[in-house]
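# Tertiary structure, described
For reference, the chains in residue letters:
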Amino acid sequence: MNLIGRVIGHFSTITKHRHQVIKHCFKAGIPIQGLGHDLSKYSPVEFFQGVKYFTGDRSPNEGERKEYGYSKAWLHHKGRNRHHFEYWTDYNNTSHKVEPVEMPDRYVAEMFCDRLAACKIYNKEKYKQTDALEYFNKRKGKRFIHQKTSDKIEMLLKMVAEKGEDETFKYIRNNLVKK
């Protein structure tokens, strides 16, 4: 794929994803978070790396990791976006290790919106309401995530798989963000 194709493809993908997350965040009762969602993806360090490694069928961060062993774009992204569980780690003075800490509920809600939107954007017409739960389950036990955060996101993903979006967004509005 040529440079122009990668620029258009990457810009289109991240923008469609962001707009879908915004819609979900409005349904979840966190519209301001939705409007600010993933703006760092348009910053030079994330955008240019995204273009360089854009293929259209996987995260550009994977290509960067393959080349360097890590992704500068991902390190930048996760350090600025609180809806990623990877953001929520800190040094524990008792264990003297970096450990996951529990995410505030409003960021768990945004993470749910993000996961749901990613499945819709990447799976397109093949999307099923079980996709986000299936994706979560494939990597279960391999994440460095606080157990309560993991339990909450899994519960939301199960709820959307079994009861649908309307009921899940209602639950989020009434139980996670109405505090």
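Scoring rules and cut-offs
- Residues numbered from 1 in each chain as written.
- Predicted model: local features only at pLDDT ≥ 70, side-chain atom pairs only at ≥ 80, totals over all residues.
- Heavy atoms only, no water.
- Helix = DSSP H or I, 4+ residues; strand = E, 2+ residues; numbered from the N terminus.
- Rg over C-alpha atoms; globule rule 2.2 N^0.38 Å.
- Buried < 20%, exposed > 50% of the residue type's maximum accessible area, 1.4 Å probe, protein only.
- Areas by Shrake-Rupley, 256 points an atom, 1.4 Å probe, with all protein chains shown as cover.
- Lys, Arg positive; Asp, Glu negative; His and termini not counted.
- Charge placed at Lys NZ, Arg CZ, Asp CG, Glu CD.
- Contact = heavy atoms within 4.5 Å.
- Salt bridge = Lys/Arg side-chain N within 4 Å of Asp/Glu carboxyl O.
- Axes fitted to C-alpha atoms, helices over the stretch in contact; angles between N-to-C directions.
- Parallel < 35°, antiparallel > 145°, perpendicular 65-115°, else oblique.
- Left-handed = near helix turned anticlockwise from the far one by under 90°.
- pLDDT = per-residue confidence, 0-100.
- Phe/Tyr/Trp six-rings, centres within 6.5 Å; stacked < 30°, edge-to-face > 60°.
- Lys NZ or Arg CZ within 6 Å of the ring centre and 35° of its normal.
- Patch = residues over 30% accessible without salt bridge, like charges linked within 9 Å, V, L, I, M, F, W, Y side chains within 5 Å.

### Section: the overall build of the protein
When helices and strands are tallied, the protein shows nine helices and two strands. Put simply, the protein runs from its N terminus to its C terminus through helices and strands in the order α-α-α-α-α-β-β-α-α-α-α. At 17 Å, the protein has a C-alpha radius of gyration in line with the 16 Å of a compact globule built from 179 residues. Counting only residues that meet the buried cut, the protein has 44% of its 179 residues in that class. Carbon and sulfur atoms form 54% of the exposed surface of the protein, whose accessible area is close to 10300 Å². For the protein, the distance from the average site of its 34 positive side-chain charges to the average site of its 22 negative ones is 2 Å.

### Considering helix H3 (residues 44-52)
Every buried residue of H3 is accounted for by Glu46, Phe47, Gln49, Gly50 and Val51. The inward-facing, buried residues of H3 contact helix H1 (3-28), helix H4 (60-68) and helix H5 (72-78).

### With respect to the pattern of salt bridges
Per the stated rule, a full pass over the model turns up eleven salt bridges. Between Glu165 and Lys27 there is a salt bridge whose closest N-O contact spans 3.8 Å. Of the two residues, Glu165 is situated in helix H9 (residues 165-176) and Lys27 in helix H1; the sequence distance between them amounts to 138 residues. Overall, Lys27 belongs to the partly exposed group, its relative accessible area being 40%. Residues Glu134 and Lys128 are paired through a salt bridge, measuring 3.9 Å at the closest nitrogen-oxygen approach. Taking the relative accessible area as the measure of exposure, Glu134 reaches 39% and is therefore partly exposed. With relative accessibility at 41%, the residue Lys128 sits in the partly exposed group.

### Topic: the packing of helix H6 (residues 105-123) against H9
Across the interface, H6 lies against H9 with an axial gap of 10 Å and an inter-helix angle of 160 degrees. The orientation of H6 with respect to H9, classified from their angle, is roughly antiparallel. Classified by chirality, the crossing of H9 by H6 is left-handed. Here Asp105, Arg106, Ala109, Phe112, Cys113, Leu116 and Lys120 of H6 lie close against H9, whose contacting residues are Glu165, Thr168, Phe169, Ile172, Asn175 and Leu176.

### Re the environment of Ile121
Along the chain, Ile121 turns up in helix H6. On the basis of relative accessible area, Ile121 is assigned to the buried category, the value being 16%. Between the C-alpha atoms of Ile121 and Arg18, which are 103 residues apart in sequence, the distance is 9.8 Å. For Ile121, the contacting residues outside a window of four places in its chain are Thr13, Lys16, His17 and Gln20.

### Here we look at the confidence of the model for the protein
Detailed reading of the predicted coordinates is not advisable wherever pLDDT is low. Across the protein, pLDDT averages 96, with 99% of residues at or above 70. The element-level mean pLDDT for the protein is lowest in H6, coming to 95, with helix H8 (residues 147-163) highest at 98.

### Structural notes on the packing of aromatic side chains
Here the structure, examined in full by the defined rule, presents six aromatic pairs. Ring centres of Tyr68 and Tyr70 lie 6.3 Å apart, and the angle between their planes is 45 degrees; this geometry places the pair in the tilted category. Ring centres of Tyr87 and Trp88 lie 5.1 Å apart, and the angle between their planes is 65 degrees; on these two criteria the pair is classed as edge-to-face. Relative accessible area serves as the criterion here: at 16%, Trp88 is assigned to the buried category. It is Lys72 that lies over the ring of Tyr68; its NZ or CZ is 5.3 Å from the centre.

### Comments concerning a nonpolar patch on the surface
A surface patch of nonpolar side chains, amounting to about 330 Å² of accessible area, comprises Phe26, Ile32 and Leu35. Mapped onto the elements, Ile32 comes out in helix H2 (residues 31-36).

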